[in-house]
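# Residue-level structure breakdown
Chain by chain, the residues:
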Amino acid sequence: MNPKITVAIIFYNSMPHLVQSIASVLNQDYADFELLLVDDGSTDGSLNYVRGLRDPRIRVISDGQNRKLNYRLNESIRDARGQYYMRMDSDDIMFPQRVSTQVNYLEAHPEVDVVGSAAISIDNFNAPQAKRGTRANPRGVFQIRNRFIHPSVCGRRTWFLVNQYDESFVYHRSQDAELWIRTANQHAFGYIEEPLLFYREPLSLNVNNYIGTQMGLLAMAHKSPNILGFQRYLWILYECAKLALVLTCCIAQKESWLIRRRGVSLNPRLAAHYAEVLKASIALPSG
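This report concerns the structure included in the present document. A quick note: this is a predicted structure, and the numbers were derived from the prediction, not measured.

## Comments concerning the pairing of strand S7 (residues 128-132)
Of the strand pairs in this sheet, strand S6 (residues 114-122) and S7 are connected by 4 bridges, and their pairing is antiparallel. When the sheet's bridge partners are listed, Ser 121 is paired in S7 with Ala 130. The antiparallel hairpin formed by S6 and S7 contains 5 residues in its connecting segment, where Asn 126 sits at a positive phi of about 70 degrees. Where S7 and strand S10 (residues 264-265) come together, 2 bridges link them in antiparallel fashion. Note on S10: the bridge partner recorded for Ala 130 is Ser 265.

Laid out in structure tokens, this is it:
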């Protein structure tokens, strides 16, 4: 029997966060799922770790190559056995009710193809930092490109098969934005304002990764048929200005200021509450 849902994690040199990410999936309050672990050529022991896991819900795919996330996402969609397909990054952590909440939403809303949720950002030490909301009513391409926090999405596998990620190298860091812009006229998206994901955002930026993301967004602004006229030039100017600002902040060692502006800070009571939820999410079974 095929499971109701496939949870897919693409990983590349993801230790030690991968251990907690997998634990949070196996600790879900929903049982009818498979966990598809797709290796992208890891060299840090990640592959050996997942191959050593003994759980009938886990499948591992590896060809030893480094093909980048957009290629691996499409591979995982093709190999998924579930009716629904759920994204998950290898350094993030699920709330215990994430799978059940998103499956129930899609079952109750047959007109919706993809649903995302809010998230709680965490640092490298699992400390809750802020709430990241959804863009339930995105206005224009600037907001549509950030329609979802990418690892929060869950959708119908048939939709992802028809609307696959662009595997061009230029989009290897911005594959989600390209997909949401390309499908912008398909009004079949849902939003859950309840946070269902702990989204890892270290208070420092990987400059090379950020430049890769911006290059993809600039290429999209130049090529996408859904970005027209003056909007195209405005987007290019916006991305260039943003890149200049981020690089300036990095040189001044102020990148943490930028990252904190992405969400709404948590008060101490909420931070403590979410810390307890996170602890329960990654608890390993006794014995």
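## Side note on the pairing of S6
Within S6, 9 of the 9 residues are buried, which leaves the element mostly enclosed by the surrounding structure. Pairing of S6 with strand S9 (residues 189-200) involves 9 bridges; the strand directions are parallel. The partner of Ile 122 across the bridge, within S9, is Arg 200.

## Points about helix H1 (residues 17-26)
Of all the 10 residues making up H1, 7 are buried; the element is thus mostly covered by neighbouring parts of the structure. When we look at burial in H1, the residues that qualify are His 17, Leu 18, Ser 21, Ile 22, Ala 23, Ser 24 and Val 25.

## Section: a nonpolar patch on the surface
A cluster of nonpolar residues, Val 207, Ile 211, Met 215 and Leu 247, forms a patch on the protein surface that exposes about 260 Å² of accessible area. Classification of Val 207 as partly exposed rests on a relative accessible area of 31%.

## What to know about the packing of helix H8 (residues 207-223) against helix H9 (residues 229-251)
Running from N to C, H8 and H9 point in directions that differ by 170 degrees, and their axes come no closer than 9 Å. Compared by their axis directions, H8 and H9 come out roughly antiparallel. Contact residues: H8 offers Val 207, Tyr 210, Ile 211, Gln 214, Met 215, Leu 217, Leu 218, Met 220, Ala 221, His 222 and Lys 223, while H9 offers Arg 232, Trp 235, Ile 236, Glu 239, Cys 240, Lys 242, Leu 243, Val 246, Leu 247 and Cys 250. Within the contact of H8 with H9, the residues separate by chemical class into 15 nonpolar, 2 polar and 4 charged.

## Regarding the side chain of Thr 6
For Thr 6, the location among the structural elements is in strand S1 (residues 5-11). Classification of Thr 6 as buried rests on a relative accessible area of 0%. There is a polar contact of 2.9 Å between the side chain of Thr 6 and the backbone nitrogen of Gly 82. Setting aside chain neighbours within four positions, we find Thr 6 in contact with Glu 34, Leu 36, Ala 80, Arg 81, Gly 82, Tyr 84, Tyr 85 and Met 86.

How each quantity is defined
- Residues numbered from 1 in each chain as written.
- Predicted model: local features only at pLDDT ≥ 70, side-chain atom pairs only at ≥ 80, totals over all residues.
- Heavy atoms only, no water.
- Pairing = 2+ DSSP bridges.
- Helix = DSSP H or I, 4+ residues; strand = E, 2+ residues; numbered from the N terminus.
- Buried < 20%, exposed > 50% of the residue type's maximum accessible area, 1.4 Å probe, protein only.
- Patch = residues over 30% accessible without salt bridge, like charges linked within 9 Å, V, L, I, M, F, W, Y side chains within 5 Å.
- Areas by Shrake-Rupley, 256 points an atom, 1.4 Å probe, with all protein chains shown as cover.
- Salt bridge = Lys/Arg side-chain N within 4 Å of Asp/Glu carboxyl O.
- Axes fitted to C-alpha atoms, helices over the stretch in contact; angles between N-to-C directions.
- Parallel < 35°, antiparallel > 145°, perpendicular 65-115°, else oblique.
- Contact = heavy atoms within 4.5 Å.
- Nonpolar A, V, L, I, M, F, W, Y, C, P; charged D, E, K, R; others polar.
- Polar contact = N/O pair within 3.5 Å; in protein donor to acceptor, adjacent residues only side chain to side chain.

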